[in-house]
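Examination of the molecular architecture
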Amino acid sequence: MMRTVKEFEGLWTLHRTIDDRQGRQTGDFQGTAMFSLAERGTLRYHETGDMRFGAAGTVFRAERKYEWQFGEKDVCVVFDDGSPFHSFVPNGQVPGTTHLCGDDLYNVTYDFRAWPIWTATWKVVGPRKNYASVSSYAPA
């Protein structure tokens, strides 16, 4: 069953772990993600929280914004400036489309099998980046 706009709308707790193999460090993000209805079939995504790299690292505030555009068969995620990022089918455990940023390749897998808890796992490789990131969402 494909998840709907209504099921994502609202506030979610967000925990992200990052394994930065190139920088030889780990990161931890704790915060929230808000999905707000922008227009029919579109949600604004805004995450905010605290990020830290390393156990003794400095905590800093971090945020991201995207738009999720729900189509008949998939969700297209675009950056805050409207440029395309990736798309995915919000159902089961599924890979999303890849995203090339310069020479760095972003691959994502979404997992909705334990809904309403879900994850997005990113693997990023290239000359400038080499990390894995797992974002876990739960209703707030």
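Here the residue index of a chain counts from 1 through its sequence in written order. Note on the predicted model: pLDDT of at least 70 is required for a residue's local features to be given, and 80 or more for side-chain atom pairs to be given and counted; whole-chain, interface and lining totals, by contrast, use all residues. Neither water nor hydrogens contribute to the side-chain values; these are computed over all heavy atoms in the structure.

**Comments concerning the overall build of the chain**
So the rule is basically this: Segments assigned H or I by DSSP are reported as helices when at least four residues long, segments assigned E as strands when at least two residues long, and all are numbered from the N terminus. Accessibility here uses a 1.4 Å probe with only protein chains present; expressed as a share of the type maximum, an area under 20% marks a residue as buried, one over 50% as exposed, and anything in between as partly exposed. Here, two residues are considered to be in contact whenever any of their heavy atoms come within 4.5 Å of each other.
When helices and strands are counted, the chain shows one helix and 11 strands. Principal-axis analysis of the C-alpha atoms gives the chain an extent of 40 × 30 × 30 Å. Looking at the chain residue by residue over its 140 residues, the buried ones come to 36%. Summarising the internal contacts of the chain: among those between residues at least 6 apart in sequence, 36% fall at separations of at least 24.

**Describing the nonpolar core**
Here is the rule: By nonpolar core we mean a set of buried residues, namely Ala, Val, Leu, Ile, Met, Phe, Trp, Tyr and Cys, connected to one another through side-chain atoms within 4.5 Å.
Membership of the largest hydrophobic core comes to 29 residues, with the highest contact counts inside it found for Phe8, Phe35, Tyr45, Trp68, Tyr110 and Trp118. At four residues, the largest contribution of residues to this core is made by strand E10 (residues 118–125). Ignoring anything within four residues of it in the chain, the contact list for Trp68 reads Phe8, Phe35, Gly41, Thr42, Leu43, Tyr45, Val75, Cys76, Val77, Phe88, Tyr110 and Trp118.

**Quick word on the pairing of E10**
Which entries qualify depends on this criterion: For two strands to be treated as a pair, DSSP must find at least two bridges joining them.
Only one face of E10 is covered, namely the face carrying Trp118, Ala120, Trp122 and Val124; the face carrying Thr119, Thr121, Lys123 and Val125 is uncovered. Bridge analysis of strand E9 (residues 104–111) against E10 gives seven bridges, and the strand direction is antiparallel. Note on E10: the bridge partner recorded for Asp111 is Thr119. Connecting the antiparallel pair E9 and E10 is a turn made up of six residues. Connecting E10 to the next strand, strand E11 (residues 130–139), in antiparallel fashion are four residues.

**Looking at the packing of aromatic side chains**
Condition: Working definition: a ring pair exists when centres of Phe, Tyr or Trp rings (six-membered ring for Trp) sit within 6.5 Å. Plane angles under 30 degrees give stacked, over 60 give edge-to-face, the rest tilted.
Within this structure, the stated rule accounts for 30 aromatic pairs. Here Phe8 and Phe35 contribute two aromatic rings whose centre-to-centre distance is 5.7 Å and whose plane-to-plane angle is 50°, an arrangement assigned as tilted. Within this pair, whereas Phe8 is found in helix H1 (residues 5–8), its partner Phe35 is found in strand E2 (residues 25–39), the two being separated by 27 residues in sequence. Summarising the burial analysis for this pair, Phe8 and Phe35 share the class buried.

**Points about the pattern of salt bridges**
We count it as follows: A side-chain nitrogen of Lys or Arg and a carboxyl oxygen of Asp or Glu constitute a salt bridge if their distance falls within 4 Å.
A full pass over the atoms with the stated rule returns seven salt bridges. Between Asp19 and Arg21 there is a salt bridge, with its nearest N and O atoms 3.6 Å apart. Since its relative accessible area comes to 35%, Asp19 is described here as partly exposed. For Asp50, the salt bridge identified is with Arg61, shortest N-O distance 3.2 Å. Note that Asp50 is positioned in strand E3 (residues 42–53) and Arg61 in strand E4 (residues 60–70), a separation of 11 residues in sequence.

**Section: unusual backbone geometry**
In this chain, Trp115 is followed by Pro116 through a cis amide linkage whose omega measures 15°. Positionally, Pro116 belongs in the loop between E9 and E10.

**With respect to the environment of Pro90**
In this structure, Pro90 sits in the loop between strand E6 (84–88) and strand E7 (93–95). On the accessibility criterion, Pro90 (0% relative accessible area) is buried.

**A closer look at the pairing of E6**
Here E6 lies mainly inside the structure; four of its five residues are buried. As defined by bridge partners, strand E5 (residues 75–79) adjoins E6 across four bridges and the pair is classed as antiparallel. What sits directly across from Val78, in E6, is Pro84. Linking E5 back to E6 in an antiparallel pair, the connection comprises four residues, with Gly82 at a positive phi of about 95°.

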